[in-house]
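# Topology and contacts: notes
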Amino acid sequence: MEDKRWMWILVTAIAPIAWGSGYVVTRNLLPAEAPLWGGVLRALPAGLIVLLLARRLPRGSWWWRSLVLGTLNVGGFFVLVYIAGQRLPSSLAATLMSASAACMLLFAWLLLHRRPRAAAVVGATVGLVGVAVMLGFDAAGADVWGVAASLGAMVASSAGFVLTARWGSDVPALPMTAWQLIGGSLVLLPVAVLVEGGPPALTVPSALGFAYLTLVATAVAYVAWFSGLRRLSPGAVGVIGLLNPVTGVVLGVAVAGETFGVPQGIGVALVLAGIVLGAAPPRRRTEVSAMVRPALHSRT
């Protein structure tokens, strides 16, 4: 059973790694002036592809739930991430999103009445300290609107992911992904037309960038993430999400030539330690009692 847990932890980890890579792609390949259409072009094709695989439409309350969750996890989230990716260095944008680990613990407590485990709190805390070390405690000069967009995306998606765990425990990952991607796109599309007019003209680099975001950082990533939410606690999933800033920092250094020194190395190590602590399975009472019972018998 524990082996399967670690398998689902690894599957879930695909999502934050893919999302962390999305900042570099957005900043270097996509047009800066079309965040609304950027969200539509990323989400709608991915949603249609996954729906073809799922072959299942929403029923009953899932029509409006898909719109609500799609707005939080897809429509609003993609627009805000697009803005953050254009206005901030990749490492900083991903780093600010790392607060989702603590945010998901809080929302799980408020919405699911799940008191966070001590290990999850410690893991999230260690991970956040690692993120702060990577950032160097210095965000001076950062674009204010970019920071606001990144934090807004973090809060919206954290609430949406916890609501997904609350409402969707009986819905497989494929249809859940398809419904939210399409629901978020339907909310976003008319706003994009009214505000930005027609879709932006695509160059070869921007087309490749959207193809990567659609297939890898959206379709594959969301299926992996929602699979994890069905099998792991929101707190554990939130801590796994700390791989997002690690990926953003590493790719920011490798692709965009951003700074990486001793603080960043220490920060990455702390984040990984936090993930191991926060995602570790709880010690079962049955295992504890099985250890204690023989000791009691030996005394009698």
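Preceding this section is the structure that the text describes.
For clarity, every value in this text was computed on a predicted model and none was experimentally measured. Throughout this description, residue numbers start from 1 for each chain and increase along the sequence as written. At least 70 in pLDDT is required for a residue's local features to be given in this predicted model, at least 80 for side-chain atom pairs to be given and counted, and no such filter applies to totals for whole chains, interfaces and linings, which use all residues. Where side-chain values are given, they derive from all heavy atoms of the structure, hydrogens and water being excluded.

Of regular secondary structure, the protein chain possesses 13 helices and zero strands. For the protein chain, the succession of helices and strands along the chain, N to C, is α-α-α-α-α-α-α-α-α-α-α-α-α. Throughout this description, buried means an accessible area under 20% of the type-specific maximum (1.4 Å probe, protein chains only), exposed means over 50%, and partly exposed covers the range between. Within the span of the protein chain, comprising 300 residues, buried residues form 50% of the whole. Residues are treated as being in contact if the distance between any of their heavy atoms lies within 4.5 Å. Of the contacts formed within the protein chain by residues at least 6 apart in sequence, a portion of 92% connects residues at least 24 apart. Per-residue accessibility takes into account occlusion by the displayed protein chains alone, with areas from the Shrake-Rupley method and a 1.4 Å probe. Accessible area for the protein chain stands at about 13,900 Å²; split by element, carbon and sulfur atoms hold 70% of it. Under the scheme used here, helices are H or I runs from DSSP no shorter than 4 residues and strands are E runs no shorter than 2 residues, and both carry numbers assigned from the N terminus.

Quick look at empty space enclosed by the protein now. A water-sized probe rolled over the atoms picks out the places where empty space is left. Using only the protein atoms, space was sampled on a 1 Å grid; points where a 1.4 Å probe fits but cannot get out form cavities, open sets with protein on both sides within 12 Å along at least five of seven lines form pockets, and lining residues are those with an atom within 4 Å of a point. Grid points are joined across faces, edges and corners, and a volume is the space filled by probe spheres set on the points. Per the stated rule, a full pass over the model turns up three cavities of 30 Å³ or more. Estimated volume of the largest cavity: approximately 120 Å³. Forming the walls of the largest cavity are 15 residues, and the residues nearest its centre are Trp-19, Met-97, Ser-100, Phe-161 and Asn-244. For the lining of the largest cavity, the element with the highest residue contribution is helix 7 (residues 144-167), accounting for three residues.

With that settled, the discussion passes to the packing of helix 3 (residues 62-87) against helix 9 (residues 204-231). For the pair helix 3 and helix 9, the least separation of the axes is 14 Å and the interaxial angle reads 130 degrees. Taken together, the axes of helix 3 and helix 9 lie oblique to each other. Crossing of helix 3 against helix 9: the hand is right-handed. Across from Asn-73, Val-74, Phe-77, Phe-78 and Tyr-82 in helix 3, the residues of helix 9 making contact are Phe-210, Thr-218, Tyr-222 and Phe-226. Amino acids are sorted into nonpolar (Ala, Val, Leu, Ile, Met, Phe, Trp, Tyr, Cys and Pro), charged (Asp, Glu, Lys and Arg) and polar (every other residue, Gly among them). Looking at the contact of helix 3 with helix 9 residue by residue, the class counts come to seven nonpolar, two polar and no charged. Think of each axis as a best-fit line through the C-alpha atoms, taken over the contacting stretch in the case of a helix, with angles from 0 to 180 degrees between the N-to-C directions. Roughly parallel means an angle under 35 degrees; roughly antiparallel means over 145; roughly perpendicular covers 65 to 115; every other angle is labelled oblique. Take the far helix as your reference; a near helix turned counterclockwise from it by less than a right angle gives a left-handed crossing, and one turned clockwise gives a right-handed crossing.

These results come straight from atomic positions and should not be treated as a statement about function.
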